[in-house]
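# A look at the structure
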Amino acid sequence: MRFFGTTWVNRDGGYALLRVGLAVGSLVTAVAAAVLLRLAYEGLEIGNVGSFLSISVVVLFAIASSIAFVKTWDSFNRRPAPSSDEAALKGLKTIGFIGSLIAYFLRCLAEAPGEKLRRAEYERATAEFARRRGTRTGNPAARHPKRKK
């Protein structure tokens with residue numbers, strides 16, 4: 001929701017263009033990152049570090065990317081619990097940034113990333129405000145104090 005401001009509320013003000021731009025940007029960045037990782041892997045091959053290390057690097061990035069994808073995708077649907085392990089997984093999500101970028105791309109095809117969660121919170125807050133506002137009648141200063149029994 002960082003890039004959308006308040007355009008997601010009514011889906012106006014260039015909302016569709018922002019979604020397309022974010023989708024294309026995240027996909028291009030993911031492809032560029034994959035090319036960069038491929039070059040790094042080729043560097044390991046040129047350096048002749050051995051097959052165990054080469055395979056370990058590939059497996060590490062694959063696992064980190066899959067965990068980052070799942071955690072990013074889940075963050076679009078619900079807020080993490082205060083005692084969750086999100087802070088502990090920050091480094092792993094940084095290593096697996098390609099998974100996060102792919103999650104952003106896929107979510108942009110349907111809606112702005114996190115829009116469903118924010119829309120539910122927004123509608124809940126507006127309903128609560130309308131309920132609180134609707135119970136107010138008249139001038140509170142003109143009310144008579146309740147008599148004690």
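Residues numbered from 1 in each chain as written. Predicted model: local features only at pLDDT ≥ 70, side-chain atom pairs only at ≥ 80, totals over all residues. Heavy atoms only, no water.

## Observations regarding the pattern of salt bridges
Applied cut-off: Each reported salt bridge corresponds to a side-chain nitrogen of Lys or Arg within 4 Å of a carboxyl oxygen of Asp or Glu. Helix and strand definitions here come from DSSP, where helices need a minimum of 4 consecutive H or I residues and strands a minimum of 2 consecutive E residues; each element is numbered from the N-terminal end. Relative accessible area decides the class of each residue, using a 1.4 Å probe on protein chains only: under 20% of the type maximum gives buried, over 50% gives exposed, and in between gives partly exposed.
Per the counting criterion, the structure on display carries one salt bridge. Arg38 is the salt-bridge partner of Glu42, the closest N and O atoms lying 3.3 Å from each other. Note that Glu42 and Arg38 are positioned in helix α2 (residues 15-46) at a spacing of four residues, about one turn of the helix. Classification of Glu42 by relative accessible area gives partly exposed; the value is 33%.

## Quick look at unusual backbone geometry
Here the phi dihedral of Asn48 falls at roughly 55 degrees; this positive angle occurs in a residue that is not glycine. On the basis of relative accessible area, Asn48 is assigned to the exposed category, the value being 66%.

## Notes on the confidence of the model for the protein chain
Definition in use: In predicted models, pLDDT denotes the confidence assigned by the predictor to each residue on a 0 to 100 scale.
A residue-level look at the protein chain finds 81% of positions with pLDDT of 70 or above and a mean pLDDT of 78. Mean pLDDT values over the elements of the protein chain span from 56, in helix α1 (residues 7-10), up to 87, in helix α5 (residues 97-108).

## Quick notes on the packing of α2 against helix α3 (residues 51-75)
Selection rule: For helices, the axis comes from a line fit to the C-alpha atoms of the stretch in contact; other axes are also lines fit to C-alpha atoms, and the angle between any two N-to-C directions lies between 0 and 180 degrees. The scheme is simple: roughly parallel for angles under 35 degrees, roughly antiparallel for over 145, roughly perpendicular for 65 to 115, oblique for anything else. Should the near helix be turned anticlockwise from the far one by less than a right angle, the crossing is left-handed, and should it be turned clockwise, the crossing is right-handed. Here, two residues are considered to be in contact whenever any of their heavy atoms come within 4.5 Å of each other.
The interhelical angle for the contact between α2 and α3, taken along N-to-C directions, is 160 degrees, at an axis separation of 10 Å. Classed by the angle they form, the pair α2 and α3 counts as roughly antiparallel. Read as a crossing pair, α2 and α3 show a hand that is right-handed. Contact residues: α2 offers Leu37, Tyr41, Leu44 and Glu45, while α3 offers Ser54, Val57, Val58 and Phe61.

## Thoughts on α5
Filter applied, for reference: The span you would expect from a helix comes to 1.5 Å times its residue count less one.
A rise of 1.5 Å per residue sets the reference length of α5, with its 12 residues, at 16 Å; its end C-alpha atoms lie 17 Å apart and thus fit the reference within 8%. Along α5, the residues classified as buried are Ile98, Gly99, Ser100, Leu101, Ala103, Arg107 and Cys108. Contact partners of the buried residues in α5: α2 and α3.

## Some words on the packing of α2 against α5
Inclusion rule: Here the nonpolar group is Ala, Val, Leu, Ile, Met, Phe, Trp, Tyr, Cys and Pro; Asp, Glu, Lys and Arg are the charged ones; every other residue, Gly included, is treated as polar.
Interhelical geometry of α2 versus α5 gives an angle of 155 degrees and a closest axis separation of 8 Å. Viewed along their axes, α2 and α5 adopt a mutual orientation that is roughly antiparallel. Crossing hand, α2 versus α5: left-handed. Listed contacts from α5 to Arg19, Leu22, Ala23, Ser26, Leu27, Thr29, Ala30, Ala33, Ala34 and Leu37 of α2 are Phe97, Ile98, Leu101, Ile102, Tyr104, Phe105 and Cys108. Its residues placed into classes, the contact of α2 with α5 shows 14 nonpolar, two polar and one charged.

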